[in-house]
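Structure assessment
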Amino acid sequence: MFKHLFSPIRIGSMELRNRIVLPPMTTSCGAMDGTVTERLRDYYEARARGGVGLIITEAAGVHPQRKYGLFPLSLDSDAQIPSWSELAKAVHAHGAKVAAQIFDPGPESIAMLSGRQPEAPSAVVGRGLFREVPRELTTGEIEAVVDEFAEAIRRAKEAGLDAVEIHAAHGYALVGSFLSPFFNKRTDSYGGSLEGRLKFLLDILQAARDRVGRDFPIIVRLAGDERRTGGRTLQESQIIARILVEAGVDALEVSGGTVPTVMWAVVAPCGTPLALNAPFAEAIKQVVDVPVICVGRINTPGIAEFVLETGKADLVSMGRALHADPDLPNKAAAGRLEDIAPCVACNTGCIGTVVQGGQATCIVNPAAGKEREMAIVPAARPKRVLVAGGGPAGLEAARVAALRGHQVTLCEKEGKLGGQVNLASVPPFMQELAQLIKYLAIQVRKAGVKVELGKEVTPELVDEIKPDVVIVASGARPTVPQDIPGIDKDSVVTAHEVLAGHKASMARKVVIVGGGMVGCETADFLALPSDNFAAAPTDVTLLEMRDDLALDCVAETRFLLLGRLTEKRVRVVLQAEVKEILDDGVVFTREGREESIRGAEYVILALGAKPVDNLSTEIRDKVPEVHVIGDAGQARKILDATAEAARVARMI
Ligand SMILES: Cc1cc2nc3c(=O)[nH]c(=O)nc-3n(C[C@H](O)[C@H](O)[C@H](O)COP(=O)(O)O)c2cc1C
């Protein structure tokens, strides 16, 4: 099983035990001074222990005054070397190798954090958080930055790291901008032709080689195709790859997309093609004789093996998959596939949290980035634990509590585990979410949880079981605002009912009230693709109070979702406040004017959800410990539900 995945390989002088790579993923768990914290070391150590072949750290900067986050890892000073040495030791202790990703944000630097104006090949409007206009670097300054890169690479070697990766991908940051004809408008030797745009990177390679010698492995990360009009094509990437290998690069990591405009291809969300960059990696592999690493949506050992077996790449990066389960390699090698916590590419805990300034976490692995504080340790005193509700919160709480040695019973009032995730995974592109429930359902049973379906936890049941702890995870129900005239009509249904199979999903014309993520996904579910000739298109209108749609959705998913709604010709009315529901439509106001939509068969409500929890107050006096978690406490995201479950189950 997985013969290719677990065969050793060399990158230059570096011998790897297998073909599995943890690619760079910024967790924001570093220290403000750029050093590797204990927390970050734990994160990487867990993945080394879990069997990965090579770890490439999150992006590490080369200059303290070019920052694009509060906690950017860095190799800009010798003072940082000891923390990197500790990291190397921790990773090596488990038989894995470690490389630092060397990166400079350049135009994406934030002046407020860096203390100076961002710098770039040309003064083309910045694409960073604040769209700052960068300053064009002089030739002398470019030479100084080349030196900074080379010094950072020297420090990586001195720290005992096994390799470095230079980040040249995604048409952004400093190296990516020099490579890009969009952002590099220079007329000197660092611009103009392809050779000119490549000179900065080639100078870095030369300067680095002068410091670290020929034997220290240097990898370059390159987007095979930037996937945007006017961006770099695969053919040009093949040419660049050849030149880089001639210049002494030991391996290429091939990705795709552009930051931030084609972000959906950089950190591709659920529903996008698996191994989406494999054709690019394959094309690059055809023109170079060094190992090629493929990255992007390689999220199971089976897909990874397929990529290797079919010759598309020599190694596979599995980013979010290893974030979700650090033990993926060892579990795959042991054939324990059902025990692998699956990355469902929801992007909420990882990239979605990091871009908002938080530290990376994960809906399937709330311990990601908190490996030490969230280690599962045996309970001091095993207790009888009753969990009410078998959605993601209840399942995760039951799983962890049982692993800690508690005697756990989980009751779900429906005939099926999963709660609202069963509905959330219905719309197009969202099916992968169901993997979360499949995994948790298997794990709770393996951990010894007694699962009772079709059984609601009541005060009487509590009297019978006499638990020491009750965890209320009874979820939420859709909000139906009673103050809207006509809300009780038979033609009014909730998005939840529609996703559960209500006949409203067969209607020819509907109005959806509420254009948050649920409303938009329901529209996506109802509207037929515009190339579907078999049936007349469904006429779907989305009414939203705010001035934009799906604001509660992560950026990559939102971008694709809104694109589909446009393509399916879903009508969108923003800043619309519903005043009345009619037998065949709605009356609403927009910019002070009253308007209406008529001829609709159903009005579908997607107006958020309200917690379902009477139980906790009813049993307070009967049970020593009662905890309310997930939507039962406050309706939020799956990320909050599993995080709360994970925390409470470790407390009891
Ligand atoms: C939270 C997060 C942070 C990332 N940070 C970096 C980074 O620092 N440097 C980089 O080159 N790519 C970064 N990426 C992109 C990943 O390296 C990888 O290319 C991407 O996640 C797709 O691979 P996957 O489908 O295996 O997760 C990041 C991705 C995530 C999810």
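Here the structure is shown first, and the text comes after it.
First, a word on what this report is: a plain description of the structure on this page. All of these numbers come straight from a predicted model, not from anything done at the bench. (Residues numbered from 1 in each chain as written. Predicted model: local features only at pLDDT ≥ 70, side-chain atom pairs only at ≥ 80, totals over all residues. Heavy atoms only, no water.)

**Examining the overall build of the protein**
Across its full length, the protein holds 22 helices and 28 strands. Relative to its length of 652 residues, the protein is compact, with a C-alpha radius of gyration of 26 Å against a globular reference of 26 Å. Principal axes of the C-alpha set define a box for the protein whose edges measure 75 × 65 × 50 Å. Within the protein, the fraction of its 652 residues that count as buried is 60%. For the protein, long-range pairs separated by at least 24 residues make up 71% of all intrachain contacts whose partners lie at least 6 apart in sequence. Accessible area of the protein: about 25,300 Å², with a carbon and sulfur share of 52%. The averaged location of the 83 negative side-chain charges in the protein is 3 Å from the averaged location of its 74 positive side-chain charges. (Helix = DSSP H or I, 4+ residues; strand = E, 2+ residues; numbered from the N terminus. Rg over C-alpha atoms; globule rule 2.2 N^0.38 Å. Buried < 20%, exposed > 50% of the residue type's maximum accessible area, 1.4 Å probe, protein only. Contact = heavy atoms within 4.5 Å. Areas by Shrake-Rupley, 256 points an atom, 1.4 Å probe, with all protein chains shown as cover. Lys, Arg positive; Asp, Glu negative; His and termini not counted. Charge placed at Lys NZ, Arg CZ, Asp CG, Glu CD.)

**Observations concerning unusual backbone geometry**
The omega angle of the peptide bond from V259 to P260 is -5 degrees, so this bond is cis rather than trans. Tracing the backbone shows P260 in the loop between β11 (251-255) and α8 (263-266). Phi angles above zero are rare outside glycine, and R569 is one such case at about 60 degrees. Mapping R569 onto the fold places it in the loop between α20 (555-567) and β22 (571-573). Classification of R569 by relative accessible area gives exposed; the value is 67%. For E591, which is not glycine, the phi torsion reads 50 degrees and is therefore positive. Here E591 shows up in the loop between β24 (585-590) and β25 (593-597).

**Re the side chain of H406**
Considering the arrangement of structural elements, one finds H406 in the loop between α14 (392-403) and β15 (407-412). The class for H406 is buried, based on a relative accessible area of 6%. Separated by 3.2 Å, the side chain of H406 and the backbone oxygen of I652 make a polar contact. Not counting the four nearest positions on each side in its chain, H406 is found in contact with A379, R381, P382, K383, V385, A401 and I652. (Polar contact = N/O pair within 3.5 Å; in protein donor to acceptor, adjacent residues only side chain to side chain.)

**Quick notes on the site of the ligand**
Within the structure, the ligand sits among 19 residues, and P24, T26, R297, G319 and R320 are positioned closest to it. Between T26 and the ligand, the recorded distance is 2.6 Å, taken from a side-chain N or O atom to an oxygen atom. Out of a free accessible area of 610 Å², the ligand has 95% covered by protein chains. Of the residues in the shell around the ligand, the class split is ten nonpolar, six polar and three charged. (Near = heavy atom within 4 Å. Nonpolar A, V, L, I, M, F, W, Y, C, P; charged D, E, K, R; others polar.)

**Some details on the packing of helix α19 (residues 517-526) against α20**
One can describe the packing of α19 onto α20 by two numbers: an axis separation of 10 Å at closest approach and a directional angle of 45 degrees. Between α19 and α20, the angle falls in the class oblique. The way α19 lies across α20 gives a crossing that is left-handed. Touching C520, E521, A523 and D524 of α19 are L561, L562, R564 and L565, all from α20. Tallied by class, the residues present in the contact of α19 with α20 amount to five nonpolar, no polar and three charged. (Axes fitted to C-alpha atoms, helices over the stretch in contact; angles between N-to-C directions. Parallel < 35°, antiparallel > 145°, perpendicular 65-115°, else oblique. Left-handed = near helix turned anticlockwise from the far one by under 90°.)

**Description of the nonpolar core**
Counting 130 residues, the largest nonpolar core has W84, I166, F200 and L244 as the members making the most contacts within it. The element contributing the most residues to this core is helix α6 (residues 194-212), with nine residues. Non-local contacts of W84, meaning those with residues more than four positions away in its chain, are made with G34, V36, T57, A60, L73, S74, L75, A100, A159 and L161. The next biggest cluster of nonpolar side chains, apart from the first, holds 22 residues, and it includes A504, A507, I512 and L526. (Core = buried A, V, L, I, M, F, W, Y, C linked by side-chain atoms within 4.5 Å.)

**Things to note about the sheet that holds strand β17 (residues 469-472)**
One open sheet holds the five strands; their spatial order is β16-β15-β14-β17-β28, and the pairing between them is parallel. The open sheet is flanked by β16 (450-453) and β28 (625-628), the only strands paired with a single partner. The average undirected angle you get between the axes of adjacent strands in this sheet is 15 degrees. Bridge analysis of strand β14 (residues 384-388) against β15 gives five bridges, and the strand direction is parallel. Bridge assignment links R384 to a residue of β15, and that residue is Q407. On the sheet, α14 packs against β14, β15 and β17 and is oriented at approximately 165 degrees with respect to β15. (Pairing = 2+ DSSP bridges.)

**A few points about helix α16 (residues 434-446)**
Taking 1.5 Å per residue, 13 residues should reach 18 Å; α16 reaches 19 Å between its end C-alpha atoms and fits that length. Those residues of α16 that sit buried are L436, I437, Y439, L440, A441, Q443 and V444. Check the buried side of α16 and you find it contacts α14, α15 (421-424), β16 and α22 (638-651). (Expected span 1.5 Å × (residues − 1).)

**A few points about α14**
Along an α-helix, a turn takes 3.6 residues, which lines up residues three or four apart on a common side. Given a rise of 1.5 Å per residue, twelve residues ought to cover 16 Å, and the 16 Å separating the end C-alpha atoms of α14 matches this to within 8%. A large share of α14 lies buried, amounting to eleven of its twelve residues. Looking only at α14, the buried set comprises P392, A393, G394, L395, E396, A397, A398, R399, V400, A401 and A402. The inward-facing, buried residues of α14 abut β14, β15, α15, α16, β17 and α22.

So far we have only geometry, and geometry alone does not tell us how the molecule works.
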